[in-house]
Amino acid sequence: MNQEQMHTLQAGLFAGYDTGGFFDEMFDGHGPRDHYANLYRTLGNLTAQEFRARCELADLTLIHQGITFTVYGDTKGVEKPFPVDLVPRVIPANEWAFLEKGLAQRVRALNLFLHDIYHDGKILKDDVVPRDLIVNAPNYRRSFIGANVPGDVYVHICGSDLIRDYDGTYRVLEDNCRTPSGVSYMLENRMILMRVFPSLFGENRVRPIDAYTTQLLHNLRQLAPPGRDDPNVVLLTPGVYNSAYFEHSFLAQQMGIELVEGRDLFVDDNTVFMKTTRGPQRVDVVYRRVDDDFLDPLVFRPDSALGVPGLVNSYRTGNVALANGIGTGVADDKAVYPYVPAMIKYYLDQEPILEQVTTYMGWKDDDLEYICEHAHEMVLKATNESGGYGMLIGPQATKAEIAEYIGTVRANPRGYIGQPLISLSRSPCFFEDKFEGRHVDLRPYILCGKDDVTIVPGGLTRVALRKGSYVVNSSQGGGSKDTWVLNENQSGTMRQTQAMGGMVQTQQIPAPVDKTSPSEAQ
Amino acid sequence: MILRATHRTLYSYSMPSIESQNEVRLMPLNDASQTCIEFRLSINPHCRVFSYDEPGGTVHYFGVRSAHPLLEIVAEALVETHLENPFEGLNLLEHDWDFYELKSTRQANAEFLAESPYITLNDEVREIATQVRQTSNESVADFLLRLARWIHVSLTYDPDATHVHTKLHEVLVIRAGVCQDFAHLMIACCRILGIPSRYVSGYLFVGGADGMRGEQATHAWLECLLPDGRWLAVDPTNDLLPNDRYVAVHTGRDYSDVTPTRGVYVGTPAKSLDVSVSVDRLDVCSPVI
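About the cut-offs
- Residues numbered from 1 in each chain as written.
- Chains lettered and ligands numbered in written order.
- Predicted model: local features only at pLDDT ≥ 70, side-chain atom pairs only at ≥ 80, totals over all residues.
- Pairing = 2+ DSSP bridges.
- Helix = DSSP H or I, 4+ residues; strand = E, 2+ residues; numbered from the N terminus.
- Axes fitted to C-alpha atoms, helices over the stretch in contact; angles between N-to-C directions.
- Contact = placed C-beta atoms within 7 Å.
- Buried ≥ 20, exposed ≤ 12 C-beta atoms within 10 Å, placed from the backbone.
- Core = buried A, V, L, I, M, F, W, Y, C linked by C-beta atoms within 7 Å.
- Domains from an automatic or database assignment.
- Nonpolar A, V, L, I, M, F, W, Y, C, P; charged D, E, K, R; others polar.
- Expected span 1.5 Å × (residues − 1).
- Arc of directions from axis to C-beta.

What follows deals with the sheet that holds strand S14 (residues 321–323) of chain A. Residues and elements named next belong to chain A. As summarised here, the arrangement of the four strands in space is S9-S8-S13-S14, forming an open sheet in which the pairing is parallel. Here the strands that pair on one side only, and so sit at the sheet edges, are strand S9 (258–260) and S14. The average undirected angle you get between the axes of adjacent strands in this sheet is 30°. Relative to S9, strand S8 (residues 233–236) is paired through three bridges, and the arrangement is parallel. Within the sheet, the bridge partner assigned to Val234 lies in S9 and is Glu258. Sheet strands touched by helix H10 (residues 245–255): S8 and S9. Its angle to S9, the strand with the most contacts, is close to 150°.

Our focus in this paragraph is the pairing of strand S13 (residues 285–288) of chain A. All names here are of chain A. Side chains Val285 and Tyr287 project from S13 onto one buried face, and the interleaved Val286 and Arg288 project onto a second face that is buried too. Note that S8 and S13 share four bridges and pair parallel. The residue bridging Leu236 from the neighbouring strand is Arg288, located in S13. The pairing of S13 with S14 spans three bridges and is parallel.

For the rest of this paragraph, the subject is the sheet that holds strand S10 (residues 265–268) of chain A. Residues and elements named next belong to chain A. Here we have three strands laid out as an open sheet, ordered S10-S11-S12, and antiparallel in their pairing. The open sheet has two edge strands with one neighbour each: S10 and strand S12 (281–282). Bridging between strand S11 (residues 271–274) and S12 involves two bridges; their strand directions are antiparallel. In the sheet register, Phe273 faces S12, and the bridge partner there is Arg282.

As a rule of thumb, nonpolar side chains are buried together in soluble globular proteins. Ile134(A), Val155(A) and Leu380(A) are the most contacted members of the largest nonpolar core, which totals 147 residues. Two domains share this core, each providing at least three of its residues, namely domain 1 (3–355 + 422–521) and domain 2 (360–420) of chain A. Those residues in contact with Val155(A) that sit more than four places away from it in its chain are Val107(A), Leu110(A), Asn111(A), Leu114(A), Cys177(A), Asn324(A), Thr328(A), Ala331(A) and Cys448(A). Within the second largest apolar cluster, 68 residues are counted, among which are Cys36(B), Val125(B), Leu232(B) and Leu241(B).

Residue and element names in this part refer to chain B. Mapped onto the secondary structure, His95 falls in the loop between strand S5 (68–81) and helix H1 (103–108). Exposure remark for His95: the 11 C-beta atoms within 10 Å place this residue in the exposed category. In the structure, His95 is positioned 44 residues away from Ser51 in sequence and 43 Å away in space, judged by C-alpha atoms. Those residues in contact with His95, other than ones at most four positions away along the chain, are Glu138 and Ser139.

Glancing now at the domain arrangement of chain A. Residue and element names in this part refer to chain A. Its domain assignment divides chain A into domain 1 (3–355 + 422–521) and domain 2 (360–420). Taken together, the contact between domain 1 and domain 2 spans 11 residues of the former and 10 residues of the latter. Split by residue class, the side of domain 1 that touches domain 2 holds six nonpolar, three polar and two charged.

Moving on: the domain arrangement of chain B. Residue and element names in this part refer to chain B. Along its sequence, chain B is carved into domain 1 (2–81 + 259–281) and domain 2 (97–257). If you average the C-alpha positions of domain 1 and of domain 2, the two centres end up 25 Å apart. With 19 residues of domain 1 in contact, the opposing surface of domain 2 contributes 17 residues. Within the residue set of the side of domain 1 that touches domain 2, elements represented by two or more residues are strand S1 (2–24), S5 and strand S13 (270–281). Per-element tally for the side of domain 1 that touches domain 2: the top contributor is S13, with four residues. Per-class residue counts for the side of domain 1 that touches domain 2 are 11 nonpolar, six polar and two charged.

This brings us to helix H2 (residues 123–135) of chain B. All names here are of chain B. When the terminal C-alpha atoms of H2 are compared, their 19 Å separation across 13 residues agrees well with the 18 Å that a helix rising 1.5 Å per residue should span. Inspection of H2 places Val125, Ile128, Ala129 and Val132 among the buried residues, and these make up the whole buried set. Relative to the axis of H2, the buried residues are bounded by an arc of 95° and lie together on one face. Exposed residues on H2 whose side chains face more than 90 degrees from its buried face are Asp123, Glu127, Thr130, Gln131 and Gln134.

Encoded structure:
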């Protein structure tokens, strides 16, 4: 790339923007990519002062709406406002069509896999996935072998993390099949951007995303036990101390369903009820944001006070539905990840559409040696941790840290994988008075319904806001961006209206019609 | 033999309890060595009982929401046992360990070869297993008999030494315990040498056989996968191979998979817990042996 040339091409706030040799979402070697052309012109023509004013407006909105999160292990403060960068990340229509196909294929395979390993275990008998890896996985629920779930769907909501490497190839980094979070930030980021930069939506054909909650509610209602025509759906949260409590309350409010804690529910005669001021009310579907371990002290951790005793057995009998199902954690185990392409071939007889990251497995002798020899240039991960915990980034670690980590790997090889360090793509972010590139990933939210898979266009783009950092998790100094998927059809008008307060959002999009959905009622 | 097992559990609370949810694993298995002819579960206060099957057997569950000062669970089972001579067909001489080296064996039984909530596979376990193996001949069954003998001799039977939550690594320190601890140690020794092994909970008919452990409460032993595909039951507590006096109720990786009664409720800690088990023989009236 010719840096000189870039300087002359870039105007205003983009002057001096340096792609730093990484794949940049906005710029190729010659200038802004086509799908960023409008944005480049509009944002580049703003002054730093004008942009800062918009940032202040956005911050104010975030604080007023209480859009915050909690960091575990941080003793200083309980809640932090979720940092939003106002430069959107843009995905062209054709790229999205490809991702959509690839993600749908992947989540289909994961659901077939879960059904298989809780029934006949064919893929294990055929030795496509090593059986020991599954039956001894900490999130494999032995007592659920043989249990049937509605429509054989285990993962109703999946958050798969995509990254782009040096040449822009999208790769799946991991799947989140338990209780993926962050979708509220995706929705709020759009709301904020529409408020502070309304003109951008006139210049760009951005596909709307607010059908997410309608679609989710539609899918949840479909899970209800037979004969429950007007099902009662609730969202089960661990409570206000959970890092994602804001999201739980936000989603419950958007869907118009009750936000409940374990103590609000009880099981009588194998049926789940909610305590209300007008007496017990039967519950048909629980969108649970409580992990398996804490869901039901009768069958999982007995010391947990967050769950509902008897809930799991009621689910097993089909008297109540759970989303996501029980024991889905085995599908997003980092030890199982390397086998997902093989699963896709095995169950669907298709080639995997999406690439993933080359993974060295601690339990394979050759791989283990490779990991130990190349730790300084790899990312090593504990298979049972998430959120960026229990990870070693070789190039950024000291020799002593690497040696210590290798020691723990050798002591428990089943518990670790190694991956080459992927230089994540970067996207311009605003700092003080200019744009600078920061590493990003993308978490689309995949909804698996009874008959089909739906993905709202885009997802949550997470940003590693610290200079040089690759860690995008909000618990580790990450922020996020609004994510745009452009409409293929550039002609014609689009309607996107938004009323503040988060209650009314109207966007023109084909969405499933749900007669009792709150967004229509209001 | 036709055996009738009655297992009564009584929880008494100083203040009435509410919102009680329970799971029990009390129904005898149906397999090659026994047939469960009849099973009845009675709960007081009366409530509806549900059930499901898991890999180790059948689970029954029920809830009592209203205030109750006592919770009584009575399981009555009528079982016909068939295994008169467990030594029949047992290879006690020939070398047959190669089976455990096969990848197919290790994969198909992976859950019975790994560590589990109660069972750690550490150096001490390896040392015991290796030591006993050196004293045995080439056959697996011979090793198992010697291992059962070694554990029977080396561990002191002492009901006060351990409790239901005692893990194997603690047992290795105190070298004493009850059938649960004896079984856990033997399972660990087998697993570390590659012999798939599982925990069995059940009952033991002791009529006429003096000095047998297991008469007061539920008993526990283990099953080991032999190279011929048979799961051989071994009772290290009594240093013998279970025969038709044994009634198997549930199997699992260790005690945590077979817990006979498990429950949660709202209230004060139970004032007392009484468990009584009786096993009677119905087909012969006169004492045998």
